[in-house]
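# An overview of the molecular structure
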Amino acid sequence: MAFHIINSCNSAIQHSSLNCAPSLELEDIMSTGIHHITAIAGDPKRNVEFYIKVLGLRFIKKTVNFDDPGSYHLYYADGSGSPGSVLTFFPHPHARAGRHGAGQAVEVSFAIPRAAFSFWIDRLHQKGVAYTGPEERFGEKLISFDDPDGLKLELVATDGIENAGDPWVTEGIGAGEAIRGFHSVTLWEQDHEATAKLLTGPFGFKADGSEDNRFRFRTGGDGVGRIVDVRRTPDFWNGSMGAGVNHHVAFRAADDAHQAEMRKELIAQGFDVTPMLDRQYFHSIYFREPGGVLFEIATDPPGFTIDEPLESLGQTLKLPPRYEAQRDAIEKNLPSLTE
């Protein structure tokens, strides 16, 4: 499916020829942060092994791409699939490598307790994962590394998250070390100002400082998934889709009514927004932000226990009702995740 953006509001931002101020009260439409991030992967078995056995995330959902049921859609998160902790993948075994560049969400940063920082350095070393750092950004220590397909990841030592989320305890990783969710996502933009206006307008983020060519935006409240960094990359090449590249970033809406208000405001500002689409575990709308990154707004409910109990999340292939009649054919076509 292709998504486009109407340029009237972009032009207004640049030339002040159109009033694009929010027409609704900000508190009625603002997002409460990141809901999930979706990327493209290559081999699905390798993807599962890395995110479960190296990063220790919980495999919470095995389903298919609702627009392409011949391929998987795999979900990883904390213990209960909390919004702000969910990283998902469209894996394609023969996918070509993507190219990181402008117009993409590039770095995915996970929040870990500050006391667990040395644990994670040692764990990556023991698992044979090359990393760079430690370095410091906005007063926080972090290390950077790539997943097997080249997706850029970071672990950020974060204060105040010891009780955040639902830490998943797995082999070698206790509750005190487990990834809590997203610290942030970084957008690469040739011109960051239009994106900044979107984030601080209907999305309700606040500017929270800058370092070099990186601008930080933060939404209120506690917990994870509250930060978006916009990295200004003037004259940099545009990114291209493929394995190791983020497909889209989804932001939270409390419910359908909240999402409808956000959609109304975005359309009023000139964005071309899709109708609501039922993604089984959340309801979604999509549009492209001014720099070209695909944004989604996803509702918190109904959540990942709608079709399987919490204790057995991710253990069986789940299909939306419209594909159940094709289950046998779909299962035969999908590659094994364990052999």
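Quick note: structure is the one above.
First things first, this report covers the structure right here in the doc. (Residues numbered from 1 in each chain as written. Predicted model: local features only at pLDDT ≥ 70, side-chain atom pairs only at ≥ 80, totals over all residues. Heavy atoms only, no water.)

## Re the pairing of strand 1 (residues 34-41)
It is a general feature of regular strands that their side chains alternate between the two faces of the sheet. Which entries qualify depends on this criterion: Remark: exposure states derive from per-residue accessible area (1.4 Å probe, protein chains only) relative to the maximum for the residue type, with buried under 20%, exposed over 50%, and partly exposed in between. In this text, helices come from DSSP runs of H or I with a minimum length of four residues, and strands from runs of E with a minimum of two, each type numbered from the N-terminal end. By this definition, two strands are paired if DSSP reports at least two bridges between them.
The buried fraction of strand 1 is high, at 8 of 8 residues. Strand direction decides the pairing type here: strand 1 and strand 13 (residues 246-253), joined by 5 bridges, are antiparallel. Bridge assignment links His36 to a residue of strand 13, and that residue is Ala250. With 6 bridges connecting them, strand 1 and strand 4 (residues 86-91) associate as parallel partners. For Ala39, the partnering residue across the bridge sits in strand 4 and is Phe89.

## What to know about the nonpolar core
Using the following cut-off: Only buried residues count toward a nonpolar core. Its members are Ala, Val, Leu, Ile, Met, Phe, Trp, Tyr and Cys residues joined through side-chain atoms within 4.5 Å.
Within the largest apolar cluster, 65 residues are counted, with the highest numbers of intra-cluster contacts made by Tyr51, Leu55 and Phe110. By size, the runner-up hydrophobic cluster in this structure holds 10 residues, among which are Tyr75, Val86, Ala250 and Phe304.

## Notes on the environment of Gly223
Within the secondary structure, Gly223 is located in the loop between strand 11 (214-218) and strand 12 (227-232). The sequence separation of Gly223 and Phe145 amounts to 78 residues, and the corresponding C-alpha distance is 24 Å.

## Structural notes on the sheet that holds strand 4
Strands belonging to one sheet form pairs held by backbone hydrogen bonds; the direction of such a pair is parallel or antiparallel. The sheet built from 8 strands is open, its strands ordered 2-3-4-1-13-16-15-14 with mixed pairing. Each end of this open sheet is capped by a strand with a single partner; those strands are strand 2 (58-65) and strand 14 (277-278). Where strand 14 and strand 15 (residues 282-288) come together, 2 bridges link them in antiparallel fashion. Across the sheet, residue Asp278 finds its bridge partner in strand 15, namely His283.

## Some remarks on unusual backbone geometry
Omega for the peptide link from Gly133 to Pro134 comes to 5°, which places this bond in the cis form. On the secondary structure map, Pro134 appears in strand 6 (residues 131-137). Residue Pro301 is joined to Pro302 through a cis peptide bond whose omega torsion reads 10°. With respect to the helices and strands, Pro302 occurs in strand 16 (residues 294-302). You will see that Phe138, though not glycine, has its phi angle at about 50°, which is positive. Relative to the helices and strands, Phe138 resides in the loop between strand 6 and strand 7 (140-146). Given the relative accessible area of 21%, Phe138 is considered partly exposed. A positive phi angle is found at Asp235, which is not glycine, with a value near 65°. Classification of Asp235 by relative accessible area gives exposed; the value is 80%.

## Describing the sheet that holds strand 8 (residues 152-158)
The condition is simple: Angular values range over 0 to 180 degrees, each being the angle between N-to-C directions of two axes fitted as lines to C-alpha atoms, with helices fitted over their stretch in contact.
Within the open sheet, the 8 strands sit side by side as 6-7-8-5-9-12-11-10. Their pairing is mixed. Two strands lie at the open edges of the sheet, namely strand 6 and strand 10 (206-211), each paired on one side alone. Neighbour-to-neighbour, the strand axes of this sheet turn through a mean angle of 25°, independent of strand direction. Relative to strand 8, strand 5 (residues 104-113) runs parallel, the two being bridged by 6 bridges. Across the sheet, the residue bridging to Ala111 is Val156, located in strand 8.

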